[in-house]
Structures are given as structure tokens and as C-alpha cells.
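Letter by letter, the chains look like this.
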Amino acid sequence: MRIALINPTARRTQGYHKVGSFIPHLGLQVLARAAGSEHQVDVIDEIFGQDRTESLLSEGRYDLVGLTAYTSGATRAYELAGFCRSRGLPVVMGGAHASAVPDEVARYVDSVAVGECDNLWTDILADAAAGRLQPRYVGGQPDLAGLGRAQQSLQPVNGRYDVACLQTSRGCPVGCDFCSVTRLSGPQIRRRPIDEIIEEWNETPRKFIFVVDDNFFGVGQAHAEWAKQLLTEIIRRGKKRLWFSQTSINMGGDEEGLKLAYRAGCRGMLVGFETFNVDSLRDYHKGLNVKMLDRYQEMVDGFHRCGIAVFGGFIVGSDRDTEETVADTALQAVRLGVDIVQITNLTPLPGTRMYDRLMGEGRIFARNYPEDWERYTFVETIYNPNNVSARRLDETIFELRQAAAEPAWVWKRTLKTFLQTRSLTTALFVHGMNRGWARMAKLQVAADADRFRDIPRCPQRSEKIRRSFALRS
Ligand code: B12
Ligand code: SF4
């Protein structure tokens, strides 16, 4: 069969792809490899634009269309599904959104694939080839031996990725209220066999790898031991690559693990700090951070001492937040010495406990689905928080973004990272990311300019925001 695998994007997405880095859709590369050589698979990735998708699908070159989608891409996915079905092209959809709300998705496509589908995909293809596609396929959380390997060399028909993605494990035991990972991939960390990872590592044509694990280092001794074994093998047998991954805060306390990670090429870790408010952390059920809150500084310093930059994820808009705490969060994040600060709006995603609770309480107002799924991009408040109106919160974040859009702080932060990590490659990595953030902030500010033209400014808050950017310098 000739198969088109498509990654649809939201029209108003903040879009990492808009800042100059084109990150592969690993799920589609994994499915492409699992399909085997008897099928011809093309990837159409809308991070390169939406303009060619329909024409590519009109040319009669495909027998089956597979859509993936994050929640924010679901609106576009349904549009494409309608387009295909009106031309008699069968459509199957999987991914995070389909796994969260399969009944909704079933209204728009011929077949819904729920959960991890590595070992179901060949059955789906066989059914499609025989014209007996089932309405639903449900994947589990399988042992990853022999699974999860991507066709690393596969490039989309409408663009070129410029980094590689690779996954060494799936799942996360932390179970934060706002995150879909623990439901999607389970609370156990499932690891791929080290030999298979190294083979794939050495096959990637790219020099930079985004290791997309949910929690690379894990939370306990056993997790850490496994990660160290993998790192040792990468040092011993892996091609020289620089890479970045995601992990929980505790890794900052494991000097041996950090040193191995640096030697294996790691230059940055995304760590979800989320907030400095212990009650918010409790509300989020992020027990690990509740325990570590007093040690945030020690952990950040630990990463830095071993040469690794910290990409800190922070969330604003919890029930404890006010307009003031947004600026406070930025200021404290910068004081902590986080190299790359990402502040996003608390966004209840379908398939999470938080979504179920807030929906039950009637507080989610962006629910004109499917149109409103495009608003679930983490740059807009889509529910009513307790202590601040959604509008005020967004105005405050707009103000912060305006400051971030001024590129002057970027070089100075690069220098600081260099002084703290003593690693030129880490400083360059941070520089690239922060330039991207500044560009992204600029784009978002321009997109929102009309909405927030005349927002009331509070001198104290504006001063805090100014200081947080001055401190980066
Ligand atoms: C890597 C990653 C990113 C990368 C994206 C790279 C890329 N091009 O995909 C980056 C950093 C850019 C990113 C950004 C964001 N991400 Co993200 N990300 C991930 C992460 C950690 C791993 C994804 C991955 O590669 N998994 C490995 C592959 C193999 O799995 P997979 O894609 O799910 O595919 C499997 C199945 O789902 C299924 N499947 C998938 N598609 C299809 C299609 C068909 C036809 C079939 C049959 C099966 C199928 O089969 C595959 C094999 O088992 C996930 C967490 C997770 N565990 O999923 C979050 C996750 C996907 N991200 C999430 C979010 C919310 C975001 C952001 C909005 C966050 C933000 N702060 O801005 C942005 C938005 C991105 C955008 N649209 O612009 C959410 C999505 C939840 C949702 N309901 O939408 C997740 C689940 C994490 C979470 N917090 O809950 N992300
Ligand atoms: S620690 Fe990260 S991956 Fe794990 S549940 Fe929380 S947000 Fe999700």
C-alpha cells in the first residue's frame, strides 16, 4: 500500500518549528519503520506549512492516510480527515489526542488507534489492505524490546528535519495532574534494550539528537542505574552526538550520572519546576517537587557544575496564581540560574485528571470543539482560574512576552551559562534555544498585539519583569 502519514498543526500554534528548528515527528518515523518494506510510506509534516497537504492528497498517490495529532492539531486533523473521506481515501488516526478522546475522534475518521501502536500497526495495515479496517484498535503499554525504533533517515515529502529524535524509554511515575504521559504511557518506566538504542543512535545521520523520553533519569536508584549503564555504553560505543532530553529535578543531585551524561554528549535537560508555590505543586500532585522545593538551587547548581544546562519549565495560571505571581515566577526562575526559561499557561488537556475536574466544575470555557482544540497551545488561558481572570492573566503574560521578545538579554545569558558550566558547546546550545524563544515571543506578541493593545500596566509588576530580564544579563 501507499500510505501518507500526516502531522497536522494548529493554525495559531506557538510552534517550535517557527523558531528555526525542525524537529521530527518521531511517532510517524516509528510507524514508517514498523510498516516494513512492503509498504511505501510518505510523511507530510505540517510544521513545514499546510499549503501543500491537500494537493498531495489529491493526486491519487495514496491508498491510506494515517493522521497523528496533539490536541491542538485535532481541528486541522478532522478537516483533513473530511477532505480524504470525501475522496474515498480511508483514514486512521492515532496519537495523544486520539488516545485521550477516542469517541470524539471516531466521528471524523474511519478508524481510531488508541495508545501505543508499534506492534498493532502491521495488523492495521493488513486490515486496511483487505478493506476491513476496524473502527478501533487499542494498543497497550508493551515491553519495548524490538519496538520504538524509528526510520531515522526518513524525511517528509514537504520539508527537511534538521535534528534527530530518538526514544530510550517511555512512561513516568510522577503522575502530574496536568500531564497526559502517565495515562498514555503508564507509571512504569519501560526501557528499550541498550543494544537497540545504540544501533539506532549510530544510524542517525544528524549531529544533534532530541532524546524524547518522558523522564530520562527517572526517580529512583534502579532508574538511575539503568540510565548510567546506557550513558556508559553511549560513551563506549555511540557515535559522537550532542543531545538534549527531559528529566525530573532529582537528576541534579547525582553527580556521577551528570558527569556521564555530559561525557555522552548531553548539553541540556528540560526539567519541570512548574512553580515555587508548594501548594500549587500539591494541587498538581507533583510530590517529587514538593519534596525537592527547598533544593531547587542545589539541583540547578549540580547540573551546571557538570556542564549541563537547565531548560526550566514553569506553569502559570494555577488556582493559587495572581497577576503578581506571574512576574514573580519569571524573576525567581532567573534568580535560580535556569538557562532557558519556558513559561506556559496552565492548560487542562483532555485525558488528564485536571481536565476532568475543571470540566466537571464548569470552568473550561474554550469548549466549542473541535474548533477550540486549536486554542490548547499553552499560550492562552482556556479556563477560569480562582484568583485572577483569564483575561488579566493573559495580559500579564503578554507583558512578559514583550520583554522576552527583546533579544538583548540572549547574549548575556549565553555568557552566564558559559561561566556557570564552563562548556562552550552548552553555551552555544543555550544561545540557540534562547534566540529561538526570543523569536517565538516576538511572533506571538505580533499575533496578539491587537488583543492586548491597551492593557493596564502595573508599575511594580513591570519593574519585576524588567528586573528578571536585567538579571539574565
Ligand atoms: C517530543 C515531544 C515534543 C516535541 C515534539 C516533537 C515532534 N515533532 O513531535 C516538542 C518539544 C516540539 C513538543 C512540543 C509540545 N508538546 Co510535546 N511531547 C513530546 C513527548 C515528550 C514525546 C513525543 C514522542 O515523540 N513520543 C514517541 C512516539 C513514538 O510516540 P507517539 O508520537 O505518541 O506515537 C505513538 C502512538 O501515539 C501511536 N500513534 C501516534 N500517531 C499515530 C498515528 C497513527 C495513524 C497510528 C495508527 C498510531 C499513532 O503510535 C506511535 C507508536 O506507538 C510527548 C510525551 C509522550 N510520551 O508522548 C509530549 C506530548 C506529546 N506533548 C504535549 C504537549 C502538550 C506539547 C506542547 C503543547 C507543550 C508546550 N509546552 O508548548 C508543545 C506543542 C507542540 C506544537 N504542536 O507546536 C502533550 C500532548 C498532549 C495532547 N493531548 O496534546 C504530550 C503528550 C506531553 C504531555 N504533557 O502530556 N513536544
Ligand atoms: S514529571 Fe513530567 S512527564 Fe512525568 S508526569 Fe509530570 S509532567 Fe508528565
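Residues numbered from 1 in each chain as written. Chains lettered and ligands numbered in written order. Predicted model: local features only at pLDDT ≥ 70, side-chain atom pairs only at ≥ 80, totals over all residues. Heavy atoms only, no water.

A.B. asks: I would appreciate a short explanation of empty space enclosed by the protein in the present structure.
C.D. replies: Space left empty within the atom packing is revealed by a probe, the size of a water molecule, rolled over the atoms. This structure, assessed with the given rule, holds 3 cavities of 30 Å³ or more. For the second largest cavity, the calculated volume is near 60 Å³. Taken together, the residues of the lining of the second largest cavity break down into 7 nonpolar, 3 polar and 1 charged. (1 Å grid on protein atoms, 1.4 Å probe; cavity = no way out; pocket = protein on both sides within 12 Å on 5 of 7 lines; lining within 4 Å. Points joined across faces, edges and corners; volume = space filled by probe spheres on them. Nonpolar A, V, L, I, M, F, W, Y, C, P; charged D, E, K, R; others polar.)

A.B. asks: Hey, could you run me through helix H13 (residues 296-305) in this one?
C.D. replies: Every α-helix carries 3.6 residues per turn, so stepping three or four residues along brings you back to the same face. Residues Tyr 296, Met 299, Val 300, Gly 302, Phe 303 and His 304 constitute the buried set of H13. Remark: Gly 307 follows H13 within two positions and exhibits a positive phi of approximately 95 degrees. (Buried < 20%, exposed > 50% of the residue type's maximum accessible area, 1.4 Å probe, protein only. Helix = DSSP H or I, 4+ residues; strand = E, 2+ residues; numbered from the N terminus.)

A.B. asks: For this particular structure, what's the right way to read the packing of aromatic side chains?
C.D. replies: The relation between two aromatic rings is expressed through the spacing of the ring centres and the mutual angle of the planes. According to the stated counting rule, one finds 20 aromatic pairs in the structure shown. On the numbers, 5.0 Å between centres and 65 degrees between planes, the contact of Trp 373 with Tyr 376 is edge-to-face. Here the two residues Trp 373 and Tyr 376 agree in accessibility, since each one is buried. The aromatic ring of Phe 83 is capped on one face by Arg 87, whose charged end is 3.7 Å from the ring centroid. Note that Arg 267 overlies the ring of Tyr 262, its terminal NZ or CZ placed 3.7 Å from the centroid. (Phe/Tyr/Trp six-rings, centres within 6.5 Å; stacked < 30°, edge-to-face > 60°. Lys NZ or Arg CZ within 6 Å of the ring centre and 35° of its normal.)

A.B. asks: Teacher, can you tell me more about the site of ligand 1 here?
C.D. replies: Surrounding ligand 1, one finds 38 residues, the nearest of these being Thr 68, Thr 71, Asp 118, Ser 180 and Asp 214. Within the backbone of Pro 24, a nitrogen or oxygen atom sits 3.0 Å from a nitrogen atom of ligand 1. Separating a nitrogen atom of ligand 1 from a side-chain N or O atom of Thr 68 is a distance of 2.7 Å. Secondary structure elements with two or more residues in the shell around ligand 1: helix H1 (26-35), strand S3 (64-68), strand S4 (91-94), helix H7 (181-185) and strand S14 (340-345). Among the residues forming the shell around ligand 1, the class breakdown is 19 nonpolar, 15 polar and 4 charged. (Near = heavy atom within 4 Å. Polar contact = N/O pair within 3.5 Å; in protein donor to acceptor, adjacent residues only side chain to side chain.)

A.B. asks: Help me understand the domain arrangement of the protein chain in this model?
C.D. replies: Often the size quoted for an interface is simply the accessible area lost on bringing the parts together. As assigned here, the protein chain comprises domain 1 (2-138) and domain 2 (164-346 + 385-472). Taking only C-alpha atoms, the centre of domain 1 and the centre of domain 2 are 29 Å apart. On the side of domain 2, 17 residues touch domain 1, which itself brings 14 residues to the contact. The interface formed by domain 1 and domain 2 includes 3 salt bridges. Residue Arg 190 is joined to Glu 116 by a salt bridge in which the shortest nitrogen-to-oxygen separation is 2.6 Å. Applying the counting rule to domain 1 against domain 2 returns 4 residue pairs in polar contact (both at pLDDT 80 or more). For the side of domain 1 that touches domain 2, the residue count by class is 6 nonpolar, 4 polar and 4 charged. (Domains from an automatic or database assignment. Contact = heavy atoms within 4.5 Å. Salt bridge = Lys/Arg side-chain N within 4 Å of Asp/Glu carboxyl O.)

A.B. asks: Hey, could you run me through the side chain of Arg 392 in this one?
C.D. replies: With respect to the element layout, Arg 392 can be found in helix H16 (residues 390-404). If we ignore the near neighbours within four places in the chain, the residues touching Arg 392 are Glu 323, Pro 456 and Arg 461.

A.B. asks: Where do I start with the site of ligand 2 in this structure?
C.D. replies: Neighbouring ligand 2 are Cys 172, Val 174, Gly 175, Cys 176, Phe 178, Cys 179, Thr 182, Asp 214 and Lys 286. Here the residues of the shell around ligand 2 sort into 5 nonpolar, 2 polar and 2 charged.

A.B. asks: Explain the packing of H1 against helix H6 (residues 121-129) to me, please; I cannot follow it from the model alone.
C.D. replies: For any two helices packed against each other, one specifies the crossing angle of their axes together with the interaxial distance. Packing of H1 against H6 leaves a shortest axis separation of 9 Å and a crossing angle of 65 degrees. With respect to their mutual orientation, H1 and H6 come out roughly perpendicular. Regarding H1 and H6, the two cross each other, and that crossing is right-handed. Packed against H1, whose contacting residues are Leu 31, Ala 34 and Ala 35, the element H6 presents Trp 121, Thr 122 and Leu 125 at the interface. The residue inventory of the contact of H1 with H6, partitioned by class, reads 5 nonpolar, 1 polar and no charged. (Axes fitted to C-alpha atoms, helices over the stretch in contact; angles between N-to-C directions. Parallel < 35°, antiparallel > 145°, perpendicular 65-115°, else oblique. Left-handed = near helix turned anticlockwise from the far one by under 90°.)

A.B. asks: How should the sheet that holds strand S5 (residues 111-114) be read in this particular structure?
C.D. replies: Sheets are built from strands that pair by backbone hydrogen bonding, the pairs being arranged parallel or antiparallel. Taken in spatial order, the 6 strands line up as S2-S1-S3-S4-S5-S6 in an open sheet, and their pairing is parallel. Strands at the two margins of the open sheet, each flanked by one partner only, are strand S2 (40-45) and strand S6 (136-138). Neighbour to neighbour, the strand axes of the sheet diverge by 20 degrees on average, direction disregarded. Here 6 bridges tie strand S1 (residues 2-7) to S2, and the two strands are oriented parallel to one another. Looking at S2, one finds that Ala 4 is bridged to Asp 42. Contacts from H1 reach S1, S2 and S3, with the element oriented near 165 degrees to S1. In the packing of helix H3 (residues 74-85) onto the sheet, contacts are made with S1, S3 and S4, and the angle to S4 comes to roughly 165 degrees. (Pairing = 2+ DSSP bridges.)

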